Amino acid sequence: AARERLSYSRKELAYRSGLSWRTIEQIESGRRRQVRPDTLLRLCNALELTTDYVLSGRSRPAAMLEHRALIYRDEADYAAAAGPFVAEGIAASEAVLAVTTEGNLDLLRDRVGKDASKATFIESQGWYRTPASTVVAFRGFIDDATDEGARWVRILGEPIWLGRSEADVMMWTEFEAMLNVTFAPYPVSLLCAYDERLLPKEVVTAARVTHPAVV
């Protein structure tokens, strides 16, 4: 899963780790169950993981968070980016959480189809009450998922910006920036959606600053 997230082929991972393609194929297929410590260390270094995380699934690596902003202009834009994000997480047996508007939840369920029951869908209004409660809710979902055996967690979020005071907007902007630190050690892909049609320009501009990457 870590190799695929980095878009490495087995051949490229072999090159980066100094191992043979056959060794990697045997480990991934489960045919080689006793892996030498130096082999494990080479793989972890190439995949930017810690050995503790690979061995136990509980000890968190130093920096795993993928935090991106999705800036969309219409429903087609949203479905084209958010739909595959959710579907790919389900296909990879990741724990998937989508917190967005009621209309966007319907779009996601339609896009994912029969596999929608494998993800958790929650409306934004009841989730984004305060920055502190939101962090606690996210962390609770992540901890529960990893305790149940999930190796990776995928979260699609859409904060509430309309109707906020200027002070509240600043507070939630700081919240988005702090997520980069708060969840850095967690095995999480976090995609935050911003509707460019409805949101003030300064909110969308800030999203480009507070997120390490933009879709």
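As a reminder, the structure under discussion sits directly above these lines.
Here's a quick rundown of the structure.

Each value, and the rule that gives it
Residues numbered from 1 in each chain as written. Predicted model: local features only at pLDDT ≥ 70, side-chain atom pairs only at ≥ 80, totals over all residues. Heavy atoms only, no water. Helix = DSSP H or I, 4+ residues; strand = E, 2+ residues; numbered from the N terminus. Rg over C-alpha atoms; globule rule 2.2 N^0.38 Å. Contact = heavy atoms within 4.5 Å. Areas by Shrake-Rupley, 256 points an atom, 1.4 Å probe, with all protein chains shown as cover. Lys, Arg positive; Asp, Glu negative; His and termini not counted. Charge placed at Lys NZ, Arg CZ, Asp CG, Glu CD. Buried < 20%, exposed > 50% of the residue type's maximum accessible area, 1.4 Å probe, protein only. Arc of directions from axis to C-beta. Axes fitted to C-alpha atoms, helices over the stretch in contact; angles between N-to-C directions. Parallel < 35°, antiparallel > 145°, perpendicular 65-115°, else oblique. Nonpolar A, V, L, I, M, F, W, Y, C, P; charged D, E, K, R; others polar. Salt bridge = Lys/Arg side-chain N within 4 Å of Asp/Glu carboxyl O. Polar contact = N/O pair within 3.5 Å; in protein donor to acceptor, adjacent residues only side chain to side chain. Pairing = 2+ DSSP bridges.

1. Let's talk about the overall build of the protein chain
Each helix and strand counted, the protein chain has ten helices and six strands in total. The C-alpha radius of gyration of the protein chain comes to 19 Å, within 12% of the 17 Å expected for a compact globule of 215 residues. Over its C-alpha atoms, taken along the principal directions, the protein chain stretches across nearly 55 × 35 × 30 Å. Taking as baseline every contact in the protein chain between residues at least 6 positions apart, the subset at least 24 positions apart corresponds to 69%. Surface summary for the protein chain: the accessible area is close to 11,500 Å², and the carbon and sulfur share equals 52%. Here the protein chain carries 27 positive and 30 negative side-chain charges, and the mean point of each set is 10 Å from the other.

2. Thoughts on helix α2 (residues 10-17)
Taken together, the buried positions of α2 are Leu13, Ala14 and Ser17. Relative to the axis of α2, the buried residues are bounded by an arc of 105 degrees and lie together on one face. In α2, the exposed positions angled more than 90 degrees off the buried face are occupied by Lys11 and Tyr15. The inward-facing, buried residues of α2 contact α1 (2-5), α3 (21-29) and α4 (37-47). Of the residues trailing α2, Gly18 is marked for its positive phi of about 80 degrees.

3. Describing unusual backbone geometry
Trans is the common state for peptide bonds, and a negative phi is the common state for residues other than glycine. A positive phi angle, near 60 degrees, is found at Ser7, a position not held by glycine. With respect to the helices, strands and loops of the structure, Ser7 is situated in the loop between α1 and α2. Here Ser7 falls in the exposed class, since its relative accessible area comes to 61%. We note that Ser93 has phi near 60 degrees; this positive angle belongs to a residue other than glycine. Looking at the secondary structure, you find Ser93 in the loop between α6 (75-91) and β2 (95-100). Judged by its relative accessible area of 63%, Ser93 is exposed.

4. Details of the packing of α2 against α4
Think of two packed helices as two axes; the pair is described by the angle between the axes and how far apart they sit. In the contact formed by α2 and α4, the axes pass within 9 Å of each other and the chain directions differ by 110 degrees. Between α2 and α4, the interaxial angle falls into the category roughly perpendicular. Mapping the contact onto sequence places Leu13, Arg16 and Ser17 in α2 and Arg42, Leu43, Ala46 and Leu47 in α4. Partitioning the contact of α2 with α4 into residue classes produces four nonpolar, one polar and two charged.

5. Examining the pattern of salt bridges
Inspection of every chain in the model, using the stated rule, returns 15 salt bridges. In this structure, Glu28 engages Arg10 in a salt bridge whose closest nitrogen and oxygen atoms are separated by 2.8 Å. One end of the pair, Glu28, is in helix α3; the other, Arg10, is in helix α2, with 18 residues separating them in the sequence. Judged by its relative accessible area of 37%, Glu28 is partly exposed. For Arg10, a relative accessible area of 24% translates into the label partly exposed. For Glu25, the salt bridge is made with Arg31, and the minimal N-O distance between the two is 2.6 Å. For Arg31, a relative accessible area of 55% puts it in the exposed group. Each of Arg5, Glu88, Glu94 and Arg154 takes part in salt bridges that share partners, so that together they form one network.

6. Quick look at the environment of Glu158
In this fold, Glu158 is placed in the loop between β4 (153-157) and α9 (166-182). C-alpha separation for the pair Glu158 and Ala206, spaced 48 residues apart in sequence, amounts to 14 Å. Looking at Glu158, its side chain comes within polar contact range of the side chain of Tyr72, at 2.7 Å.

7. Some words on the sheet that holds β4
Strand order in this open sheet of six strands is β3-β2-β4-β5-β1-β6, and the pairing throughout is parallel. What marks the edges here is a single partner per strand, and that holds for β3 (120-123) and β6 (213-214). Of the pairings in the sheet, the one linking β2 to β3 comprises four bridges and is parallel in character. By the bridge assignment for β3, Leu97 is matched with Thr120. Packed on one face of the sheet, α6 meets β1 (66-72), β2, β4 and β5 (188-195) and runs near 160 degrees to β4.

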